[in-house]
Amino acid sequence: MKAKIANLCLVLVVVLGFSLYVTGLSRSTGPGQDVVEVAADGGGRPEDEGVTFYAEEGDGETVDTTSAGEPQAGEPRAGEPRADATPTRTPTPVNIGNFVWDDLDGDGRQDSGELGLAGVTVQLWNAAKTQLIDQAVTNGSGNYTVVAPAPGDYRLRVLLPAAGDQFSPKDQAGGDNQLDSDINPTGGDTGFTDVFTIASNVISTTVHDAGIRRFVTPTPTRTPTPINVGNFVWDDVDGDGRQDGGEPGLAGVTVQLWNAAKTQLIDQAVTNGSGNYTVVAPVSGDYRVRVLLPAAGDQFSPKDQAGGDNLLDSDVNPTGTSTGFTDIFNLAPNVISITSIDAGIRRFVTPTPTRTPTPINIGNFVWHDLDDDGRQDGGEPGLAGVTVQLWNAAKTQLIDQAVTNGSGNYTVVAPVPGDYRVRVLLSGGTNDFSPKDQAGGDNQLDSDINPTGSDTGFTDVFTIAPNVISTTVHDAGITGAVDPTPTPTPTVTPTPTVTPTVTPTVTPTVTPDPSGTPTPDPTATATATASPSPSVDADGITRPPGSERTTSPRAGGGGALPRTGATLMGQVLLAGIVVASVGLGLTLLARRRSPG
């Protein structure tokens with residue numbers, strides 16, 4: 001009996017001790033968790049050494065200590081993890097950086113020579129910008145590191161170090177996150193990056209940089225130094241737009257300085273006795289110079305004609321919407337004077353009365369080029385009877401023409417100075433023109449006619465100047481078999497027709513009649529002499545007297561020859577003379593018998 005009581009008491013003591021042990025263990029771990037440490041020799045995996053695992057409350061597992069603190073069969077011993085527990089490791093913090101720099105050129109790209117900025121505050125925020133998680137200050141090199149406690153979504157924020165500073169433009173390095181700035185410079189997220197995600201396998205990232213454009217106190221503005229603009233207006237005598245020796249400056253010409261838009265007159269001056277001027281620009285910038293023509297009829301010279309030499313050309317536009325103005329020119333801040341703005345003016349001159357132009361003789365020679373070399377050689381004769389013409393330069397108007405004389409010379413006449421061409425017409429035969437300009441530049445010995453092409457037979461265009469009255473350098477060589485000069489058809493000189501001379505001889509004898517009636521003396525005679533005339537036969541040939549062509553006796557005729565025209569004419573003339581003599585005699589007789 002005593003033994004049973006003793007055993008019962010022992011059991012109670014064990015149960016009470018175990019209860020106290022369990023109570024102490026539950027207070028050290030907290031409600032709902034059992035902490036199990038993995039020992040190096042506890043039979044667990046070597047890679048789990050030192051890792052804390054959390055068993056969630058209500059997993060249905062208990063430790064049986066009913067047998068002197070020993071677990072039941074199949075259960076792990078105290079201090080050992082259960083075989084079916086999933087281990088949870090403590091997350092490793094993630095380092096986030098890296099660089100804040102002074103973006104000197106403000107291009108948003110980390111360039112050589114742009115240094116890091118020290119002392120700039122960089123903060124780590126949650127994605128919603130509602131919780132500041134960590135912050136740091138950049139070191140002397142501009143580097144920083146903030147720590148994210150676990151993977152997730154975050155933003156970085158950079159605080160500008162001084163008033164007036166600005167963030168650089170974002171993402172300007174062509175996609176290179178190691179060289180660009182990641183801070184939004186404007187908008188609702190100014191100073192923050194966009195949201196970025198830290199993955200669970202990331203322990204560090206160094207791509208979050210920020211460029212800052214530091215505010216620089218402006219250099220105090222100095223009072224601008226006025227800029228002198230000049231220099232010269234001249235009388236461009238030859239109108240070539242270039243300042244030549246002997247072309248004087250023009251005095252009294254008004255020169256003005258305008259803004260680039262030609263809407264504001266800024267300054268003006270008048271050229272001195274040498275043609276020089278100076279107008280003053282108050283500050284650097286864009287301007288134009290304007291020159292006023294001194295008299296009606298004056299004109300500006302052509303612009304920029306000195307081969308790029310601004311000290312010798314004219315800079316004023318002679319025509320167009322900017323007539324009288326220069327083009328826009330810029331005065332830089334470091335310029336205090338320029339002397340390259342010049343203007344040439346062609347003064348109006350009252351025209352000299354126009355004299356009647358003197359016609360110009362143009363010649364000279366057409367020859368037979370026997371050796372076809374285009375050069376006038378000894379023994380090569382001139383060609384007579386070749387037609388030479390003078391045309392206008394466009395070959396649309398024939399002005400004059402002539403035919404070469406027996407020596408091959410010709411002269412055509414230009415009415416006034418101007419541009420002309422000479423044309424030579426080939427006379428026929430198998431001939432052609434000699435090659436042109438083959439006398440080594442000697443215009444007195446070469447041929448000037450184009451032998452081929454669209455101007456065949458013509459010279460090139462040549463100019464007759466106003467002071468020229470004659471030119472003898474336009475020659476033409478003709479090659480090949482040249483037709484002989486045609487023999488002139490002889491001109492038949494008709495024998496002059498002799499007008500018959502009639503010499504009437506009247507010797508009236510009047511015998512007084514006592515009855516008072518005059519009696520005419522029939523002894524009055526008239527003698528007429530007629531010279532025979534030359535005759536023209538039926539063929540139109542004039543023949544001398546006595547050589548008339550006779551006609552053969554007609555067939556069946558009586559053998560009598562017909563009268564010639566000369567014989568018939570003589571008889572008619574003789575009858576007329578007789579009638580005239582008788583009439584004259586009767587007239588004289590009637591006058592004698594008339595009273596008083």
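All values reported here derive from a predicted model rather than from experimental measurement.

Undergrad: I tried to follow the sheet that holds strand S20 (residues 366-368) on my own but got confused; where do I start?
TA: What links the strands of a sheet is backbone hydrogen bonding, and the strands pair in either a parallel or an antiparallel sense. Read from one edge to the other, the open sheet built from three strands follows the order S20-S28-S25, with strand pairing classed as mixed. A strand with exactly one partner marks an edge of an open sheet, and here the two such strands are S20 and strand S25 (431-433). Between one strand and the next, the sheet's axes are offset by a mean angle of 30°, whatever the strand orientation. Two strands pair when backbone bridges link them, and S25 and strand S28 (residues 476-480) are joined in this way by three bridges, in the antiparallel orientation. Each residue of the ladder has a partner; that of Asp432, found in S28, is Thr479.

Undergrad: Is there a simple way to think about the nonpolar core in this case?
TA: It is characteristic of soluble globular proteins that their nonpolar side chains tend to be buried jointly. Counting residues in hydrophobic clusters, the biggest one holds 22 residues, and the most contacted among them are Val229, Val233, Val289, Val291, Phe329 and Leu331. For this core, the secondary structure elements donating two or more residues are strand S11 (227-235), strand S12 (254-259), strand S14 (279-281), strand S15 (285-291), strand S17 (329-331) and strand S18 (337-346). Examining the composition of this core, we find that four residues originate from one element, S18, more than from any other. Excluding residues that lie within four positions of it along the chain, Val233 makes contacts with Gly249, Leu250, Val253, Val255, Thr271, Gly275, Tyr277, Ala343 and Ile345.

Undergrad: Just checking my understanding: could you explain a nonpolar patch on the surface for this structure?
TA: Nonpolar side chains collect at one region of the surface, where Leu574, Val578, Val582 and Leu586 lie side by side and expose about 380 Å² of accessible area between them. When you line up the elements, Leu586 lands in helix H2 (residues 565-593). You can call Leu586 exposed: its relative accessible area is 56%.

Undergrad: Just to check I follow, could you spell out the sheet that holds strand S21 (residues 387-392) for this structure?
TA: Pairing in this open sheet of four strands is antiparallel, and the strands run S22-S21-S24-S26 from one edge to the other. Taken across any chain shown, the strands that pair with only one partner, and hence form the sheet edges, are strand S22 (398-403) and strand S26 (462-464). Averaged over all neighbouring strand pairs, the angle between strand axes comes to 35°, with direction disregarded. Looking at chain direction, strand S24 (residues 418-424) and S26 are connected through three bridges and run antiparallel. Within S26, the residue paired with Asp419 across the bridge is Thr463.

Undergrad: Could you clarify how one ought to interpret the pattern of salt bridges in this entry?
TA: Between side chains of opposite charge, a pair can form as their charged atoms come close. Per the stated rule, a full pass over the model turns up nine salt bridges. Here Lys129 makes a salt bridge to Asp189, at a shortest N to O gap of 2.6 Å. Residue Lys129 is located in the loop between strand S4 (121-126) and strand S5 (132-137), and its partner Asp189 is located in the loop between strand S8 (166-167) and strand S9 (196-198); the two are separated by 60 residues in the primary sequence. Take Lys129: its relative accessible area is 27%, and that puts it in the partly exposed class. Here Arg155 makes a salt bridge to Asp189, at a shortest N to O gap of 3.5 Å. Note that Arg155 is positioned in strand S7 (residues 152-158) and Asp189 in the loop between S8 and S9, a separation of 34 residues in sequence. For Asp189, a relative accessible area of 24% translates into the label partly exposed. One connected set of salt bridges, linked through shared partners, spans Lys129, Arg155 and Asp189.

Undergrad: I'm lost on the packing of aromatic side chains in this one. Help?
TA: The description of an aromatic ring pair rests on the distance of the ring centres and on the angle between the ring planes. Scanning the entire structure with this criterion turns up six aromatic pairs. Their ring planes at 75° and their centres at 5.9 Å tell us that Trp391 and Phe458 sit as a pair that is edge-to-face. Taken together, the positions of Trp391 in strand S21 and Phe458 in the loop between S25 and S26 put the pair 67 residues apart, joining distant regions of the chain. You can call Trp391 buried: its relative accessible area is 14%. On the accessibility criterion, Phe458 (8% relative accessible area) is buried. Over the ring of Phe192 we find Lys129, and its NZ or CZ is 5.3 Å from the ring centre. Residue placement shows Lys262 over the ring face of Phe325; its charged tip is 5.4 Å from the ring centre.

Undergrad: Sorry if this is basic, but what is going on with the pairing of S22 here?
TA: Walk down a regular strand and you will see the side chains alternate between the two sheet faces. As paired elements, S21 and S22 share five bridges and run antiparallel to each other. Across the sheet, residue Gln389 finds its bridge partner in S22, namely Gln401. Between S21 and the antiparallel strand that follows it, S22, lie five residues; Lys395 among them carries a positive phi value of about 60°.

Cut-off values and rules
- Residues numbered from 1 in each chain as written.
- Predicted model: local features only at pLDDT ≥ 70, side-chain atom pairs only at ≥ 80, totals over all residues.
- Heavy atoms only, no water.
- Pairing = 2+ DSSP bridges.
- Helix = DSSP H or I, 4+ residues; strand = E, 2+ residues; numbered from the N terminus.
- Axes fitted to C-alpha atoms, helices over the stretch in contact; angles between N-to-C directions.
- Core = buried A, V, L, I, M, F, W, Y, C linked by side-chain atoms within 4.5 Å.
- Buried < 20%, exposed > 50% of the residue type's maximum accessible area, 1.4 Å probe, protein only.
- Contact = heavy atoms within 4.5 Å.
- Patch = residues over 30% accessible without salt bridge, like charges linked within 9 Å, V, L, I, M, F, W, Y side chains within 5 Å.
- Areas by Shrake-Rupley, 256 points an atom, 1.4 Å probe, with all protein chains shown as cover.
- Salt bridge = Lys/Arg side-chain N within 4 Å of Asp/Glu carboxyl O.
- Phe/Tyr/Trp six-rings, centres within 6.5 Å; stacked < 30°, edge-to-face > 60°.
- Lys NZ or Arg CZ within 6 Å of the ring centre and 35° of its normal.

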